[in-house]
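Listed below, chain by chain, are the residues.
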2 protein chains.
Amino acid sequence: MYVKKITKLVLTPLVLIITTFTASFVVQAQEHPNLILTKDGVEKIRDNLGKVPLFDATVSRVKQTVDKEIAAGIDTPIPKDFSGGYTHYRHKQNFIIAQKAGVLYQILEDDKYAIYVRDMLLQYEAMYKNLPLHPQERSYARGKLFWQSLNDSNWLVYMSQAYDTVYNFLTEEQREKLENNLFRPFADFISLENPAFYNRVHNHSTWGNAAVGMIGLVMDDEALIQRALYGIEDDGLPIGGIDNDGGTIKVEGQKKGFYANLDDPFSPDGYYTEGPYYQRYAMYPFLIFALAMENVRPDLKVLQHKDNVLLKGVNALLNLSDADGEFFPLNDGQKGMSYYTASLVTAVDIAYHYGDQNPQLLSIAEKQNEVLLDEAGLDVAIAIRDGKAKLFTKSSINLTDGIDGKQGGVAVLRYGNEDLTLVFKYAAQGLSHGHYDKLSYSLYEKGDEVIQDYGLSRFVNIGQKGGGNYLKENKTWAKTTIAHNTLAQDGEMHFGGNYKTASTEHSDLYFYDDTKDNVQVVSATEVNAYPGTKMHRTMALIKDDNFEKAFMLDIMKVKSDEEHEYDFPFYYMGQVINGNFKWESPTDLEPLGDKNGYQHLYLEGKGKPATNNTKFSWLGNGKFYTLTSVAEESDELLLTRIGANDPEFNLRRDAGFMVRREAEDTTFVSVVETHGSYSPVSEASLNSNSNIANLEIVEDNNDYTAVSITDVKGSKQLFIIANKDASVSAKHSLTIDNKKVSWVGPYYYK
Amino acid sequence: MYVKKITKLVLTPLVLIITTFTASFVVQAQEHPNLILTKDGVEKIRDNLGKVPLFDATVSRVKQTVDKEIAAGIDTPIPKDFSGGYTHYRHKQNFIIAQKAGVLYQILEDDKYAIYVRDMLLQYEAMYKNLPLHPQERSYARGKLFWQSLNDSNWLVYMSQAYDTVYNFLTEEQREKLENNLFRPFADFISLENPAFYNRVHNHSTWGNAAVGMIGLVMDDEALIQRALYGIEDDGLPIGGIDNDGGTIKVEGQKKGFYANLDDPFSPDGYYTEGPYYQRYAMYPFLIFALAMENVRPDLKVLQHKDNVLLKGVNALLNLSDADGEFFPLNDGQKGMSYYTASLVTAVDIAYHYGDQNPQLLSIAEKQNEVLLDEAGLDVAIAIRDGKAKLFTKSSINLTDGIDGKQGGVAVLRYGNEDLTLVFKYAAQGLSHGHYDKLSYSLYEKGDEVIQDYGLSRFVNIGQKGGGNYLKENKTWAKTTIAHNTLAQDGEMHFGGNYKTASTEHSDLYFYDDTKDNVQVVSATEVNAYPGTKMHRTMALIKDDNFEKAFMLDIMKVKSDEEHEYDFPFYYMGQVINGNFKWESPTDLEPLGDKNGYQHLYLEGKGKPATNNTKFSWLGNGKFYTLTSVAEESDELLLTRIGANDPEFNLRRDAGFMVRREAEDTTFVSVVETHGSYSPVSEASLNSNSNIANLEIVEDNNDYTAVSITDVKGSKQLFIIANKDASVSAKHSLTIDNKKVSWVGPYYYK
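Everything numeric in this text was worked out from a predicted model, so none of it was measured.

Undergrad: Looking at this model, I keep getting lost on the relation of the copies chain B and chain A. Mind explaining?
TA: Comparison of the two chain copies shows a relationship of rotation about an axis with a shift along it. Rotating chain B by 180 degrees and translating it 0.0 Å along the rotation axis places it on chain A, where the RMSD comes to 0.0 Å. What the superposition gives is, in effect, a two-fold axis relating one chain to the other. Scanning chain B for the C-alpha nearest the rotation axis identifies Leu589(B), at a separation of 2.5 Å. Interface residue correspondence from chain B to chain A reaches 100%, placing this contact among same-surface, isologous pairings.

Here it is in structure tokens:
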């Protein structure tokens, strides 16, 4: 540890030398606060107190929270519990409150807040010196205050801010004590002593890097700043090793540090490869450290790195939410997480202030009803006060995945004002939080799930459920292929469920077209998930005048070298209304299989198609839905329910419908209609029947797949996709029912 | 039919003779409108147009609806469908719109509305003359326009109002045509030709009686009025016979007519024996006919009958709703039905206007955001405009059941502002819509179910689900004992599921005490459900300072002549968090039994108590709940799921927890705590553990049952119930743990 101390001693005079050249930089480096709050910013805030309603309301609420905690007294218990337990909760609450108290000290100039932060930090200093590893041994990188280094890093990210705000309030002696016995050892512990945690490309490492960097900025410790940005040069780790979630710890040519975490997981569009749930989680350290760098070291342009990818990330994230603001649970994602969460307050305010002052962001801030207590938050609150807010409208969007945007992506098709939203995933694996679900989708009507993506199997922070950690059903169910709305072959997972293989592959976009309001199409292919089998899935949202609402058309074209058993599930949300086929329901329920997720599905019914179309209707959230699917005589139709082999009730007992088909090449064509409504108050059942009289594959070969949709009044629509040429300028013509159809571009609809 | 015509001819001069004595009465009888709208009322309304916001808004909305229908044109299709089908929907829509159009004609004086009503009525007249019975044969009393006479009666109740409003617009010739070919035959059909429907004490007959009475009032036909009030003298029906729902059609000494339907099903407190769902349904004909009588024949004081029981009924009904205004689904009740339904707009406005102008009713009317377009509605809207509305606060209430209030009842205990609500049913059978669930309960936190009552098995008006009618699972599941939160013995239903026996019995109140805020108790006994077995259940809502929130204490004391297998279920709403005992979960699910509802329960887990307290926790609606139950070593603990033997998916896949115990005499003592919260946005899990360290039966004999509750901090509370003497003045003393406890009244708590 003495080495680093020397580094600092060496550095300080160096900075003083630089002073003579770039005075403003060094003034910033010396004065406090300068990390998130700045001297100027604080003055502006003080000048505006009492004049900006949303800012004042936030101050008042934060004050109430902090005052209550101050009254309750400081507690820094000896670490003992997993998340969900008291000591975990208390230490987490401590850093959250300390950061807020520090901000209040700056804004309100009331010493009691500084005293609170000071006393808490000194209490931590006294404890930390002799603190052993956390007694819970489950983590691949145990922390000291918490069961994993990740949470220790959370602590340091917040406490760095708290320290910065009271820096000048403390005596030099107190500062030295804190820096030598608490902050520097703490930073070393989560980095040097935990390279498996610190030196990865992973949201864990992002937190670690930001933590080390932020305390480095406050302490003006260049070594720590460099370690934050570039990682540990030689971590001595072997290639391989896995973390608690099954993610690989070190790969060949491992990148590391904050820049690597910014470069790799973010696509140029701002899509974060782990998915929105983890993007939301990583967004805080990404932005708050980038902001700190912007304040202290603007020369390094961290906030602008990779063509402003962080600000683009905020936009991507907001667009990966349903009409209620809840993030789509792509990969591991806990449902219900939304843009109302604290890290999105940070994200929205920073994106507004440091971005292009998009007035639509203000309407999100209004909904959040809270702003950051810094210059960005003040700026947002002032703009809202001044009536600048505009409605945040979400349109269809196609987000690439991968460092260069060349590893597939995620498309979100939206009809109307989020009346119908299709989320189509043709992305890369998504690191250790990825699921084996190439070309899968979910469907939403406003904020309600019509066809769900299961999300994760975890009760975050609920101690009774495995310490709040990932449950084994996350691996045995949530990550499996059959848990998703995509094709499963011979009861196997995509890539055989092999993480390493899956991590090297991705699906490919065939084309994306949201230029027309009434027909929006995304189409992608996957050739690696099942070697020898090619899947080409084309999904469209279509609004036809003869239909009450928009519907989803799904064409999954499968080509294979040999015959397989294909399972094609629909995880519909709601209660069965009826089907147009007969099914047998067993009296005793048995699991559908014994592995790859099938062991968690009960078979509740089994039937055969009655006609050339299989129809299945359900009622969910007061609306009717009907699936119409082109049937083959040999299809088996399975009604399933999640929950088999789940003695701890870790899984939701949700329903599914599945088409099982033995074939070599085949095409699954389906339409999901949303129609009508039911109100238990008026007891009016409106438009409860499907509007489709016939769904038919009228042509299907290597060049073209054509589908006709005939509604109950006899009108016929034709959708054709060119299977080989996605060029927008290619000319096609095809004879269907003795009529020649000609068009330009990858698809035809009329 | 000529007989009735003569009756009228005879009557008219009679009325004229009376004229000389009570001029005002006859003036009323001759002028139109006089049924719901009156000449004076209409004038008052016209004077106030544009001045009363809620009234104007309602007029505007109704106008929009009616104008749209007028634009679409009149359709009176040949009857064909069940509810859920087009012809059913259309005819229903017709009478609803015609009534509204008539009102608009009066208010707005625009002839187009009268023309619309006139033309529709004449179209019906042309069709009705030769109309056969409805082709659907399922009903015990088929209608002509609809599949059951019930819906035909709905039609006439509304069309009578429509006719009254356009009476003076029609020519005498048109009126005669309508009266002779449509209204009078229609009234005769639903009464004389359908005595099995008309001559009962049942919500069906209430509609029938009101229909006949209302058209009688408009046509000034005393014979019809008398038939409405007193039924058909000699209906020629045999004793017995059952309707579609299994209700007996004719019993010995059958009462009949509107008065009978007012007298019998309503207790003096205004509780309607079928339960709130059907009270809501019957409320409209009850009130609208009573109001018509008040307007046309105030001398008969129908609205004031039985000490204003109808107005009391409105109050009872409003109190039988949860914090969201949804009615408790006692007996057959479809969940989600609430005081936002149209018949409750009628009820609230009439109760305000003709009752004591309770300003709390105005806040309900505000929430309904709609008023009746008559004098009552105007009155309500004016009062709201003038700021008279006060919050409708629901307190604890005990409602007797039975004609004299002596057939048990329903108690609703409420803590705080509906923070915790216990609905305890110790009532009579509730006619054909009753369930076999003596001493059962449900528990709510605000508007969320904690421990649910299943409600009915029916998708009202959803044609695909058995024509929208009762499904067979209503009988095989919803009505059974094991479907409810009460004691089932030897796998049998209360009263052996025999409707006739059940109809002669009821539970008895032991005592009810809501005088203290922190302890509210209801206690009742049942000795007939299982001959030889006495159940005595005492339920309390308790708020103790050492607990975060109020909890429910449940003491079910069972005494029997012989040993039985007792099942004691808890239909909790949510996902399992954990239990303090081990359970085995079978890989294959089998039904728990083969009859009496057990055939619909899957066994998902089975265990034995691990300690003297069985604990079981779940998470529902973002809150934690824990059941703590005093265990016996031999108890079996069963985790169940509804849905076995339900191939049509008519039942919800909801969970249950059940204690199974072999015993002769035994006492089930349980506490259900609601505690803490979980937010998927902040991911904060607060207070997720039970606060009870020990629950113990410290004394249990014929005289007293004493329960001690020790919380995790070691505080102990004692609850004692005197089992033999419920007198409020009786003095008791008991030695517990060598300490003498003395108190006055049926229970002790400290």
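Undergrad: For this particular structure, what's the right way to read the sheet that holds strand 21 (residues 666-675) of chain B?
TA: The strands that make up a sheet are held in pairs by hydrogen bonds between backbone atoms, and each pair lies either parallel or antiparallel. Residues and elements named next belong to chain B. One open sheet accounts for eight strands, arranged 9-10-11-12-21-18-17-14; its pairing is antiparallel. Looking at which strands have only one partner, the edges of the open sheet turn out to be strand 9 (508-513) and strand 14 (575-579). For this sheet, the mean inter-axis angle between neighbouring strands, taken without regard to orientation, is 15 degrees. Alignment of strand 18 (residues 623-630) against strand 21, held across six bridges, turns out to be antiparallel. The residue bridging Tyr 625 from the neighbouring strand is Thr 674, located in strand 21.

Undergrad: Sorry if this is basic, but what is going on with the sheet that holds strand 6 (residues 440-445) of chain B here?
TA: Residues and elements named next belong to chain B. Spatial ordering of the open sheet is given by 3-4-5-6-7, a layout of five strands whose pairing is antiparallel. Among the strands making up the open sheet, the edge pair consists of strand 3 (397-400) and strand 7 (448-451). Strand-to-strand twist across the sheet, computed as the mean angle between neighbouring axes with direction ignored, equals 20 degrees. For strand 6 and strand 7, the ladder comprises three bridges, and the chain directions are antiparallel. In the strand pairing of strand 7, Tyr 444 is matched with Glu 449.

Undergrad: Just to check I follow, could you spell out unusual backbone geometry for this structure?
TA: Across the chain, the bulk of peptide bonds are trans and the bulk of non-glycine residues have phi less than zero. At the junction of His32(A) and Pro33(A), the peptide bond is cis and its omega measures out at 0 degrees in the coordinates. In this structure, Asn308(A) takes a positive phi of about 60 degrees despite not being glycine. Within the element layout of this structure, Asn308(A) appears in helix 14 (residues 305-319). Positive phi, close to 50 degrees, is recorded for Lys446(B), a residue that is not glycine. Within the element layout of this structure, Lys446(B) appears in the loop between strand 6 and strand 7. A residue is classified by how much of its surface remains accessible, and Lys446(B), at 34% relative accessible area, is partly exposed.

Undergrad: Even after reading the chapter, I still don't get the interface of chain B and chain A, so can you show me in this structure?
TA: Many descriptions give the size of an interface as the accessible area lost when the pieces come together. Contact with chain B, which involves 50 residues of that partner, is made by 50 residues of chain A. Summed over both sides, the interface of chain B with chain A buries roughly 4200 Å², with 52% coming from carbon and sulfur. Among the residues chain B hides against chain A, the three largest losses belong to Gln464(B), Phe649(B) and Glu683(B). Together they make up 18% of the total. On the surface where chain B and chain A come into contact, there are two salt bridges. In this structure, Arg653(B) and Glu604(A) form a salt bridge, with 3.6 Å as the shortest nitrogen-oxygen distance.

Here is what the cut-offs are and how they apply
Position numbers for residues count from 1 along each chain, tracking the sequence in the order it is written. By the order in which they are written, chains take letters starting at A while ligands take numbers starting at 1. Reporting in this predicted model follows two pLDDT cut-offs: at least 70 for local features of residues, and 80 or more for side-chain atom pairs to be given and counted; totals over whole chains, interfaces and linings ignore these cut-offs and use all residues. Think of the side-chain values as coming from all heavy atoms in the structure, minus any hydrogens and water. Copies overlap after least-squares fitting; the atoms used are the C-alpha atoms of residues with pLDDT of at least 70 in both. Here, two residues are considered to be in contact whenever any of their heavy atoms come within 4.5 Å of each other. Strand pairing is defined by DSSP finding a minimum of two bridges between the two strands. We count a stretch as a helix when DSSP gives it H or I for four or more residues in a row; a strand needs E for two or more, and each element gets its number in order from the N terminus. Axis geometry follows a simple rule: fit a line to the C-alpha atoms, using only the stretch in contact for helices, then measure angles between N-to-C directions, giving values from 0 to 180 degrees. The rule is simple: take the accessible area with a 1.4 Å probe, protein chains only, and divide by the maximum for that residue type; under 20% is buried, over 50% is exposed, in between is partly exposed. Two parts placed together each lose some accessible area under a 1.4 Å probe, and the buried area is that loss summed for both. Any Lys or Arg side-chain nitrogen found within 4 Å of a carboxyl oxygen on Asp or Glu counts as a salt bridge.

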